[in-house]
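A closer look at the structure
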Amino acid sequence: MRNIHIIACGGTIAGRADRATNLTGYTAGVMDIGDLLAAVPAIHDVAAVTGEQLFNIDSSDMTEEKWLALARRTEDAAARDDVDGIVVTHGTDTLEETAYFLNLTVHTCKPVILTGAMRPASALSADGPLNLLEAVQAAKTAEAGKYGVLIAMNGMLCSARFGYKTDTTHVHAFQGRQMGVVGFIQNGEPFFYQQPLRLHTYKSTFFLGDAETLPPVWILYAYVGMSPDLIRAAVSCGVKGLVLAGLGHGKNPSYCESALQQAARAGIIIVRTSRVLGGIVTEGGDGKAFICGDSLTPQQAKILLQLSLLRSDGAAETKRNFAQY
Ligand code: SIN
């Protein structure tokens, strides 16, 4: 039997409501790893499973410091000879961000699979037990490690590079943004169809070292009436980078341009992404202060910019990172 280690972080998969029919209004992150495993006795027929409780939180309370702890914990577990694959249980609200962070900072060829649930464990037809079982079924398949960190939800395996939560409450919430579904799990067996080409896990050159925090990077959302004061506020708060969740092809209202140029003169790197879910951003970069965010979401671009800044990459290297990761 393959050995799978589960790192539990809370979320709705560990959530409970007063009644089985309450699908909202529950408390996330109250059941522990023992409860999660007890709900899926069949898991022990699939793999030799061990588990630990790293956090038990609603994932809206995930922090960058907790990311650092989770990445180190995952990397340590992956380095063990008696671990063949890792599953991380996590709240779905920030699961995609954690998945991308781990995709860049955990160096392993072993499968690392994130899963969660859209319905609390107390719900009629809770989705957590099957998601957990399928995550373990994927994690015990060595091939899954080739594709970087994966998100196993609702029978689909999405690459962390493209996985995205697209629904507030329904179980089909995670989708692959045009190209991120690398496979499915059917009757306990993963089927793979495509491979992410961008660098991840064992090919990532981002190392956390002894970092205790990540460089401050803010995301600014563009909209009709966006105030340039947001940009000035970010500069005066000492951010090192800005990610613009821009309009269409990564644009900003023209009256915000001078505040952005001022930020650039202050040495801040500005990454242009889009609030549009599909496509890529290739315009508006100058390779110095302004960088195109490629097909990353604003929240993913923030992570890649933070890791670039942590390594003191200059604008040219940062631009290259956005073309490679
Ligand atoms: C959370 O993100 O912790 C709550 C929501 C969820 O897991 O679906």
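Each residue is numbered by its place in its chain's sequence as written, counting from 1. The model is predicted, so local features are restricted to residues of pLDDT at least 70 and side-chain atom pairs to those at 80 or more, both for listing and for counting; the totals for chains, interfaces and linings are taken over all residues. By convention in this description, side-chain values take in all heavy atoms of the structure and omit both hydrogens and water.

Quick word on the overall build of the protein
Under the scheme used here, helices are H or I runs from DSSP no shorter than 4 residues and strands are E runs no shorter than 2 residues, and both carry numbers assigned from the N terminus. Scanning the protein for helices and strands turns up nine helices and 14 strands. Taking 20 Å as the expected radius of gyration for a compact globule of 325 residues, we find that the protein reaches 20 Å, a close match to that expectation. Each principal axis of the C-alpha distribution contributes one length, and for the protein these read about 60 × 40 × 35 Å. Three exposure classes are used, based on accessible area relative to the maximum for each residue type with a 1.4 Å probe and protein chains only: buried under 20%, partly exposed in between, and exposed over 50%. Here the protein holds 325 residues, and the buried ones make up 55% of them. Contact criterion: two residues are considered in contact whenever any of their non-hydrogen atoms come within 4.5 Å of each other. Considering only intrachain contacts with a sequence separation of at least 6, the fraction spanning at least 24 residues in the protein is 71%. Of the roughly 13500 Å² of accessible surface on the protein, 52% is carried by carbon and sulfur atoms. The reference for a compact globule is 2.2 Å times residues^0.38; the radius of gyration itself is calculated from the C-alpha atoms. The protein chains shown are the only cover counted for residues, whose accessible areas, like all others here, come from Shrake-Rupley with a 1.4 Å probe.

Concerning a nonpolar patch on the surface
Only residues whose relative accessible area exceeds 30% and that take part in no salt bridge are eligible for patches, with like-charged residues grouped when within 9 Å of each other and nonpolar side chains (Val, Leu, Ile, Met, Phe, Trp, Tyr) grouped when within 5 Å. We count a salt bridge whenever a side-chain nitrogen from Lys or Arg sits within 4 Å of a carboxyl oxygen from Asp or Glu. Residues Phe184, Phe191 and Tyr193 make up a contiguous nonpolar surface patch of roughly 320 Å² in combined accessible area. The topology assignment puts phenylalanine 184 in strand S9 (residues 181-186). Looking at phenylalanine 184, the relative accessible area reads 40%, which means it is partly exposed.

What about helix H4 (residues 95-105)?
Burial analysis of H4 places ten of its eleven residues in the buried class, the great majority of the element. All of the buried residues in H4 are Leu95, Glu96, Thr98, Ala99, Tyr100, Phe101, Leu102, Asn103, Leu104 and Thr105.

Brief notes about the sheet that holds strand S11 (residues 217-221)
In spatial order, the strands read S11-S12-S13-S14; together these four strands make up an open sheet with parallel pairing. Every interior strand has two partners, whereas the edge strands, S11 and strand S14 (290-292), have only one. Put simply, the sheet's adjacent strands are angled 25° from each other on average, direction ignored. Across five bridges, the pairing between S11 and strand S12 (residues 241-246) is parallel. For two strands to be treated as a pair, DSSP must find at least two bridges joining them. Simply put, an axis is a line fit to the C-alpha atoms, just over the touching stretch for a helix, and the angle between two N-to-C directions goes from 0 to 180 degrees.

Here's the deal with unusual backbone geometry
Backbone geometry places arginine 177, a non-glycine residue, at a positive phi of 45°. Mapping arginine 177 onto the fold places it in the loop between strand S8 (174-175) and S9. Residue classification places arginine 177 among the buried residues on the basis of a relative accessible area of 9%. Phi is positive for aspartate 294, which is not a glycine, with a value near 55°.

With respect to the environment of threonine 94
Looking at the element boundaries, threonine 94 is found in the loop between strand S3 (85-89) and H4. Threonine 94 sits 83 residues away from glycine 11 along the chain, and the two C-alpha atoms are 9.6 Å apart. Look past the residues within four positions of threonine 94 in its chain and what remains in contact with it is Ser59 and Met62. Polar contact criterion, stated in full: a pair of N or O atoms within 3.5 Å, where within protein one must be able to donate a hydrogen and the other to accept it, and residues adjacent in sequence count only if both atoms are side-chain atoms. Looking at threonine 94, its side chain comes within polar contact range of the main-chain oxygen of serine 59, at 2.9 Å.

Structural notes on the sheet that holds strand S6 (residues 156-159)
Sheets are built from strands paired through backbone hydrogen bonds, the pairs being either parallel or antiparallel. The eight strands are arranged S2-S1-S3-S4-S5-S6-S9-S10 in an open sheet whose pairing can be described as mixed. Each having just a single partner strand, strand S2 (48-57) and strand S10 (189-192) make up the two edges of the open sheet. If you compare each strand with its neighbour and ignore which way they point, the axes differ by 25° on average. Here four bridges tie S9 to S10, and the two strands are oriented antiparallel to one another. Following the sheet pairing, phenylalanine 184 is matched in S10 by phenylalanine 191.

Comments concerning the side chain of threonine 297
Here threonine 297 is to be found in the loop between S14 and helix H8 (298-310). Taking the relative accessible area as the measure of exposure, threonine 297 reaches 6% and is therefore buried. In this view, threonine 297 contacts Tyr164, Arg177 and Thr273; residues no more than four positions away in its chain are not counted.

Section: the packing of helix H3 (residues 64-79) against H4
How two helices sit against one another is set out by the angle between their axes and by the gap between those axes. Between H3 and H4, the least distance of the axes is 10 Å, while the angle of their chain directions is 50°. Viewed along their axes, H3 and H4 adopt a mutual orientation that is oblique. As H3 packs across H4, the resulting crossing turns out to be right-handed. Counted together, Trp67, Leu68, Leu70, Ala71, Thr74 and Glu75 of H3 and Glu97, Thr98, Phe101, Leu102 and Thr105 of H4 form the full contact between these two elements. Amino acid classes used here: Ala, Val, Leu, Ile, Met, Phe, Trp, Tyr, Cys and Pro are nonpolar; Asp, Glu, Lys and Arg are charged; the rest, including Gly, are polar. A class-by-class count of the residues in the contact of H3 with H4 yields six nonpolar, three polar and two charged. Just so you know how the angles are binned, under 35 degrees is roughly parallel, over 145 roughly antiparallel, 65 to 115 roughly perpendicular, and the rest oblique. It is the rotation of the near helix from the far one that decides the hand of a crossing: anticlockwise by less than a right angle makes it left-handed, clockwise makes it right-handed.

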